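What follows is the residue order along each chain.
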Amino acid sequence: MNGTDRAARIEALLAEMNLDEKIGQLNMVSADLSVSGPGRRALPLADISAGLVGSVLNWWGARDTREIQRRAVEETRLGIPLFFGFDVIHGQRTIFPIPLAEAGAFDTTLWERTARVAAQEAAEDGLHLTFAPMLDVARDPRWGRIAETPGEDAFLGAAFADAKVRAFQNGDLSRNGNLAATAKHFVAYGLVNAGREYAQVDVSERALRDVYLPPFRAAVEAGAAAIMPAFTDIAGLPMHAHRELLFSLVRERWGFEGVFISDYSGIAELVNHGVAADLVEAAALALKAGVDIDMMGFAYLKGLPGALERGLVSMAEIDVCVRRVLGLKFALGLFDDPYRACAGDVPDFATRALRRALARESGARSIVLLKNRHDILPHDAGHGTLAVVGPLADARHDMLGPWCALGDQDESFALLDGLYGRWPREWILHAPGATIDTTDETMIESACAAARGADCVILCLGESRSMSGEAGSRADPSLPAAQLALAKAVMALEKPVVAILFGGRPLILPDWLVEASDALIAAWFPGSEAGHALADILTGVCNPSARLAATWPMAAGQIPIWFGQRPTGRPADAKEMYSSKYIDAPVEPRFAFGEGLSYTNFLLGDPQPDRAVLQRGETMSISVCITNAGSRRGRQTLFLFTRDPVASLSRPLLELKGFRQIDLDAGETGTVTFELAADDLAFTGCDLSSVLEDGCIEIHIGFSARRTSLRSAAIELKTSTDATA
Ligand code: BGC
């Protein structure tokens, strides 16, 4: 069907619809009426049959979606099909690492491959749309939802957005196996005050434009079908009522053609925010701002008729939203075949095996090696007995992380499962030694007994999956006290210790724990194949290559923390009292953005720009030589940062402008080439317009944002095209 035919069919349908049916199209209901997240307790079946529901969330399965779709198609007056949405955040049934971990693979192809599998599995479950990717830039580890984000950087977030949106949607939304994407949560949700969930947000116009908006812009450019406003406000104006950002910016200036889907009861919550007196006002505010679909707030259902009566909205404004929703349903192919995702396609054994293999590969590619004293790792069965202790060693349920859709803990592998396949069972001594988040210290002795009898201790510490994700804010994002007591007791035995940290956020670690660990690993929540992925890393079957997508603070008081801060008039100087530092904590983070070790090591040459002067409109190349100086094959990630040392505004000390990876055999040298366009150096100037300024630009290439790891060069940026200028 071409665009004109489609528009004509939409108009014809619209002409037949009464007000209730129109509002019904804007009403999305959940299968669980009480809370966010998966649940199957109830669906308002009578409303569906009456045409008062346009879409459904948290309802899945080919047979079950078919039955509900049948009601919409056969029992409603106009037979308009529903679409089904679900939070497929890092996998549907095969669960991949949480986004914060997967972002650290710094591999756009991997991000696409996992999104393709997630889309295929979701489509097999009767779903048409995912509420992903989550694109909130996050610099505050107290905020539990940092787990769902691609980390702290706008450039990284934009690259992640592009890969995920393209891969979920795969071009044609009406084709089997493709899933409409929802970029969320628009915008700056990651800035909730003091990391407290749903709290107020204040952000400068410049930070909004340079940091928080770019991942969403990338999602729109990649063709995202939907955008979800954040629960939060910006400077007092809740996002669900933010016409200037939703409508004027995204819809009008960016040309977004998809639908805005509210967050769960986000429209009704405008009353709690204190900007609407009742659901009528809330509905009017959201509709005027551009929110097309009301997810589980019933604000449109209950409020729009009154808003129309009071003259707060017009029928024409309601029609605009209905057209968009119908347009999405056409794009999804639902008017051609409302049951197109309900065929009950079941993947064959080989497909399932490939998906599991990808979960294992992506798991291993997301595990970050942070310390490896005297090359204690890799480690194989020849090294003797292992004591595998700590409450996360055997935590299949937690390995899936927050928002794990239909991931099944009975089909997930914890570290212990992974090790049992590699070590003779009798060489593994296991004792949890503590529970994850209770204060019970009575179990510690059993773990110490195991450790005493072993040659090496694998100490598995961290968070449960419910300690991060939505509503998982922590005022103190450190390890629970009983786990610290366990670590202290085990470390006092002076055995070699490999500490593995699980969790959904950068954790605050005590110095003694970092110092006493011989090896330290950030495993995050690696997904269904966690145990095998970790065993691959520990034994060296996979050489670690993941990096940190978010800075790990040394102390909670350093939060928010990220690499791209601006200089101050008084840069930190240990010898200078009146300089920008703390008197009770260091300024430097525990681990910087981009850090992560390999079992080999790499030497980097100096950046070689292909020109000394970069003119407006040009793109230049910058090459750098890299050698694998160790004794095994490995993958290295290189980051390209820039710095504008003198500008009309103080610019960040480092800005990420590119990342590349290279695989090198032992002893091999390769060249990595980055492209840098003059436009990449633009920023939001004093008058809030995008500016490009003449002058020196420093180029820094290295393995992380830690300044000591960077090799540098400089170029001149010339914005005038006049050769004599
Ligand atoms: C979350 C969204 C999610 C929605 C539906 C909300 O509580 O903020 O990210 O998509 O629930 O489950």
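Just so we're clear, the structure is a prediction, and the values are computed from it rather than from any experiment.

J.: Can you tell me about the overall build of the protein, naming the residues and giving the values?
T.: Of regular secondary structure, the protein possesses 21 helices and 27 strands. Taking 27 Å as the expected radius of gyration for a compact globule of 725 residues, we find that the protein reaches 26 Å, a close match to that expectation. By the burial criterion, 61% of the 725 residues in the protein qualify as buried. Here the contacts in the protein between residues at least 6 apart in sequence split such that 77% fall between residues at least 24 apart. Across the protein, 69 positive and 93 negative side-chain charges occur, with their mean positions spaced 1 Å apart.

J.: Can you explain the site of the ligand? Please cite residues and give values.
T.: The environment of the ligand is formed by 15 residues, the closest being D87, R145, H185, D263 and E470. A distance of 2.8 Å is found between an oxygen atom of the ligand and a side-chain nitrogen or oxygen belonging to K184. In the model, an oxygen atom of the ligand is placed 2.6 Å from a nitrogen or oxygen of the D263 side chain. Its free accessible area being 310 Å², the ligand has 100% of it covered by the protein chains. Looking at the shell around the ligand, its residues break down into seven nonpolar, three polar and five charged.

J.: Talk me through the sheet that holds strand β10 (residues 294-295); I want residue IDs and the actual numbers.
T.: Read from one edge to the other, the open sheet built from five strands follows the order β4-β3-β2-β1-β10, with strand pairing classed as parallel. Each edge of the sheet is formed by a strand with only one pairing partner; in this case those strands are β4 (129-130) and β10. By the bridge criterion, three bridges tie strand β2 (residues 55-57) to strand β3 (residues 83-86) in an arrangement that is parallel. Looking at the pairing, L57 lines up with G85 of β3.

J.: Let's hear about the domain arrangement of the protein: which residues, and what values?
T.: We note that the domain assignment places domain 1 (369-547) and domain 2 (602-718) within the protein. Computed over C-alpha atoms only, the centres of domain 1 and domain 2 are separated by 36 Å. Contacts between the two partners involve five residues from domain 1, matched on the other side by eight residues from domain 2. Here domain 1 meets domain 2 over a buried area of about 520 Å², counting both sides, of which 36% is carbon and sulfur. The three residues of domain 1 that bury the most area against domain 2 are N543, S545 and R547, which together make up 82% of that side's buried surface. Linking domain 1 with domain 2 are zero salt bridges. For the pair domain 1 and domain 2, the interface holds five residue pairs in polar contact (both at pLDDT 80 or more). The residue inventory of the side of domain 1 that touches domain 2, partitioned by class, reads one nonpolar, three polar and one charged.

J.: Please set out the sheet that holds strand β21 (residues 634-643) residue by residue, giving values where relevant.
T.: Read across the open sheet, the five strands follow the order β19-β27-β26-β21-β22; overall the sheet is mixed. In this open sheet, the two strands that pair with only one neighbour each are β19 (613-615) and β22 (655-664). The average undirected angle you get between the axes of adjacent strands in this sheet is 30°. Judged from the nine bridges that link them, β21 and β22 form a sheet pairing that is antiparallel. The partner of L638 across the bridge, within β22, is R660.

J.: Please provide a residue-by-residue account of the pairing of strand β11 (residues 368-372), values included.
T.: In terms of burial, β11 is a largely internal element, five of the five residues being buried. Relative to strand β16 (residues 519-522), β11 is paired through four bridges, and the arrangement is antiparallel. By the bridge assignment, L369 is partnered in β16 with I521.

J.: I'd like a rundown of the nonpolar core, residues and numbers included.
T.: F186, V187, Y300 and L304 are the most contacted members of the largest nonpolar core, which totals 180 residues. With 10 residues, helix α7 (residues 154-169) is the largest single contributor of residues to this core.

J.: Any details on the environment of F683? Residues and values, ideally.
T.: When you line up the elements, F683 lands in strand β24 (residues 683-684). Of the residues examined, F683 reaches a relative accessible area of 3% and is grouped as buried. Distance from F683 to R209, taken between C-alpha atoms, is 8.7 Å for residues 474 residues apart in sequence. The contact partners of F683, leaving out residues within four places of it in the chain, are D210, D644, A647, S648, L649, R651, S689, S690, V691 and E693.

J.: Explain the packing of helix α12 (residues 279-289) against helix α13 (residues 299-309) residue by residue, including any values.
T.: It is the contact of α12 with α13, at a shortest axis distance of 7 Å, that shows an interaxial angle of 90°. With respect to each other, α12 and α13 are oriented roughly perpendicular. Along the contact surface, α12 presents L279, V280, A283, A284, A286 and L287, while α13 presents A299, Y300, K302, G303, L304, G306 and A307. Here the contact of α12 with α13 is composed, by residue class, of 10 nonpolar, two polar and one charged.

J.: Give me unusual backbone geometry: which residues, what numbers.
T.: Backbone torsion omega between K184 and H185 reads -5°, so that peptide bond is classified as cis. Considering the arrangement of structural elements, one finds H185 in strand β5 (residues 182-186). Backbone torsion omega between I559 and P560 reads 0°, so that peptide bond is classified as cis. Tracing the backbone through its elements, the reader meets P560 in the loop between α21 (530-539) and β17 (602-604). In this model, L688 sits at a positive phi of 70°, which is unusual for a non-glycine residue. With respect to the helices and strands, L688 occurs in the loop between β24 and β25 (690-691). Overall, the relative accessible area of 29% leaves L688 in the partly exposed class.

J.: Got a sec to walk through the state of the cysteines? Specific residues and values, please.
T.: Applying the stated criterion across every chain yields a total of zero disulfides. Counting only cysteine sulfurs, C456 is the nearest neighbor of C460, a cysteine outside any disulfide, at a range of 11 Å. Its relative accessible area of 0% is what places C460 among the buried residues.

J.: Can you tell me about helix α14 (residues 315-331), naming the residues and giving the values?
T.: In this model, α14 (17 residues) spans 24 Å end to end at C-alpha, consistent with the 24 Å of a helix rising 1.5 Å per residue. Positive backbone phi, approximately 80°, marks G333, located one or two places after α14.

J.: Give me the packing of helix α1 (residues 3-16) against α14: which residues, what numbers.
T.: Remark: α1 packs on α14, axes separated minimally by 10 Å, with the N-to-C direction vectors making an angle of 130°. Compared by their axis directions, α1 and α14 come out oblique. When you trace α1 past α14, the crossing you get is right-handed. Residues R6, R9, I10, E11, L13 and L14 of α1 lie in contact with α14, whose contacting residues are D319, V322, R323, L326, G327, F330 and A331. The residue makeup of the contact of α1 with α14, split by class, is seven nonpolar, one polar and five charged.

J.: Please give an account of the side chain of S55 that cites residues and values.
T.: Mapped onto the elements, S55 comes out in strand β2. Once residues lying within four places of it in the same chain are set aside, the contact partners of S55 are N27, M28, V29, L82, F83 and I293.

J.: Outline the packing of aromatic side chains, listing residues and values.
T.: Under the criterion given, the structure shown has 19 aromatic pairs. Ring-pair connections join several aromatic residues into one group, and the members of that group are F106, W111, F155, F160, F563, F593, F639, F641 and F659. A cation over an aromatic ring shows up here: K184 above the ring of W403, its NZ or CZ 5.5 Å from the ring centre. The cationic tip of R425 hangs over the ring face of Y420; the distance from NZ or CZ to the ring centre is 3.8 Å.

The rules behind the values
Residues numbered from 1 in each chain as written. Predicted model: local features only at pLDDT ≥ 70, side-chain atom pairs only at ≥ 80, totals over all residues. Heavy atoms only, no water. Helix = DSSP H or I, 4+ residues; strand = E, 2+ residues; numbered from the N terminus. Rg over C-alpha atoms; globule rule 2.2 N^0.38 Å. Buried < 20%, exposed > 50% of the residue type's maximum accessible area, 1.4 Å probe, protein only. Contact = heavy atoms within 4.5 Å. Lys, Arg positive; Asp, Glu negative; His and termini not counted. Charge placed at Lys NZ, Arg CZ, Asp CG, Glu CD. Near = heavy atom within 4 Å. Polar contact = N/O pair within 3.5 Å; in protein donor to acceptor, adjacent residues only side chain to side chain. Areas by Shrake-Rupley, 256 points an atom, 1.4 Å probe, with all protein chains shown as cover. Nonpolar A, V, L, I, M, F, W, Y, C, P; charged D, E, K, R; others polar. Pairing = 2+ DSSP bridges. Domains from an automatic or database assignment. Buried area = accessible area lost by both parts, 1.4 Å probe. Salt bridge = Lys/Arg side-chain N within 4 Å of Asp/Glu carboxyl O. Axes fitted to C-alpha atoms, helices over the stretch in contact; angles between N-to-C directions. Core = buried A, V, L, I, M, F, W, Y, C linked by side-chain atoms within 4.5 Å. Parallel < 35°, antiparallel > 145°, perpendicular 65-115°, else oblique. Disulfide = S-S within 2.5 Å. Expected span 1.5 Å × (residues − 1). Left-handed = near helix turned anticlockwise from the far one by under 90°. Phe/Tyr/Trp six-rings, centres within 6.5 Å; stacked < 30°, edge-to-face > 60°. Lys NZ or Arg CZ within 6 Å of the ring centre and 35° of its normal.

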